[in-house]
Amino acid sequence: MGSKNGKPVLREQDIALLCKSSGLDEAQVKEAFDGFIAEHPNGKMKPKDFKEIITKALPGKDGAKMEKHVFRIYDSNNDGYIDFAEFMIIYIVMSDGSPEEVLAKIFRIYDLNSDGAITKKEMKKIVKDMYGLLKSDNSNVAAEALIAKNAHAEMDKDMDGKITLEEFSTACMGQEEISKMLTLKLVDIFVEDQ
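Residues numbered from 1 in each chain as written. Predicted model: local features only at pLDDT ≥ 70, side-chain atom pairs only at ≥ 80, totals over all residues. Heavy atoms only, no water.

Helix and strand counts for the protein chain come out as 10 helices and six strands. Relative to its 194 residues, the protein chain shows a buried fraction of 42%. Taking the intrachain contacts of the protein chain between residues at least 6 apart in sequence as the baseline, contacts between residues at least 24 apart amount to 59%. Element-wise, carbon and sulfur atoms account for 53% of the exposed surface of the protein chain, whose accessible area totals about 10500 Å². (Helix = DSSP H or I, 4+ residues; strand = E, 2+ residues; numbered from the N terminus. Buried < 20%, exposed > 50% of the residue type's maximum accessible area, 1.4 Å probe, protein only. Contact = heavy atoms within 4.5 Å. Areas by Shrake-Rupley, 256 points an atom, 1.4 Å probe, with all protein chains shown as cover.)

All told, the structure shown has eight aromatic pairs when counted by the stated rule. Here a set of aromatic residues connected by ring pairs shows up, and it is made of Phe33, Phe36, Phe50, Phe71, Tyr74, Phe84 and Phe87. (Phe/Tyr/Trp six-rings, centres within 6.5 Å; stacked < 30°, edge-to-face > 60°.)

Before going further, it helps to spend a moment on the nonpolar core. Formed by 46 residues in total, the largest nonpolar core has its most connected members in Phe50, Tyr110, Met123, Phe168 and Leu182. Apart from residues no more than four positions distant in its own chain, Tyr110 is found in contact with Ile118, Glu122, Met123, Ile126, Met130, Phe168, Leu182, Thr183 and Leu186. (Core = buried A, V, L, I, M, F, W, Y, C linked by side-chain atoms within 4.5 Å.)

The next subject is the packing of helix H6 (residues 99-110) against helix H9 (residues 165-173). Their axes nearest at 10 Å, the elements H6 and H9 cross at an angle of 120°. Between H6 and H9, the crossing angle belongs to the class labelled oblique. With respect to the hand of their crossing, H6 and H9 are arranged in right-handed fashion. Each of Pro99, Glu100, Leu103, Ala104, Ile106, Phe107 and Tyr110 in H6 lies in contact with H9, whose residues at this interface are Leu165, Phe168, Ser169, Cys172 and Met173. Partitioning the contact of H6 with H9 into residue classes produces 10 nonpolar, one polar and one charged. (Axes fitted to C-alpha atoms, helices over the stretch in contact; angles between N-to-C directions. Parallel < 35°, antiparallel > 145°, perpendicular 65-115°, else oblique. Left-handed = near helix turned anticlockwise from the far one by under 90°. Nonpolar A, V, L, I, M, F, W, Y, C, P; charged D, E, K, R; others polar.)

With their axes 8 Å apart at the nearest point, helix H5 (residues 84-96) and H6 run at an angle of 125° to one another. The angle between the axes of H5 and H6 places the two elements in the oblique class. In this structure, H5 meets H6 at a crossing whose hand is left-handed. Contacts between H5 and H6 involve Ile90, Val93 and Met94 from the former and Glu101, Val102, Lys105 and Ile106 from the latter.

Our focus in this paragraph is helix H8 (residues 144-155). Helical geometry: 3.6 residues make up each α-helical turn, so side chains three or four residues apart lie on a common side. Taking 1.5 Å of rise per residue, the 12 residues of H8 would be expected to cover 16 Å, and the 16 Å separating its terminal C-alpha atoms lies within 8% of that figure. Turning to H8, its buried residues number three or more, namely Ile147, Ala148, Ala151, His152, Glu154 and Met155. Projection of H8 onto a plane perpendicular to its axis shows the buried side chains occupying an angular sector of 160°, all on one side. In H8, the exposed positions angled more than 90 degrees off the buried face are occupied by Ala145, Lys149 and Ala153. (Expected span 1.5 Å × (residues − 1). Arc of directions from axis to C-beta.)

Shown next, in the form of structure tokens:
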């Protein structure tokens, strides 16, 4: 995205890239951009605006707990805002991406400090914040501490205390029980949101 006189503009290369990756035509990309700018005149979605969207998509306090984690997926440059390109790329990946691309984005939810690994502490924090959403699907779901411990053990194949993107993807793609449950619940957030 570019800027002209302080106002965000969609450059031709942005349009071409988004058309190619999304399957949308130029008019549809421009229409989506115009809608985004109408809602966010400076071209950047603030965390507060994003929280409103998540609250509508996931009503109740359990959904609100996930807002900051899901925001991390979209804010790929870690500047504290979501611009149109970031928003569209995640939308495209989550709706039409390969399983590997989707899992790489979901990995960012778990990787709280963006260091490329998920620690036991990070896993506990996410499971704690997701617990209400998991329990609403299945009232017999195990206690959150047990879920976090088992998920980490299931994913951390080399048992070094950290889960890499490769270990995460392998566990999820390998249909490991707890990994699958956690990942599918996060995918539900995006599917219901769209």
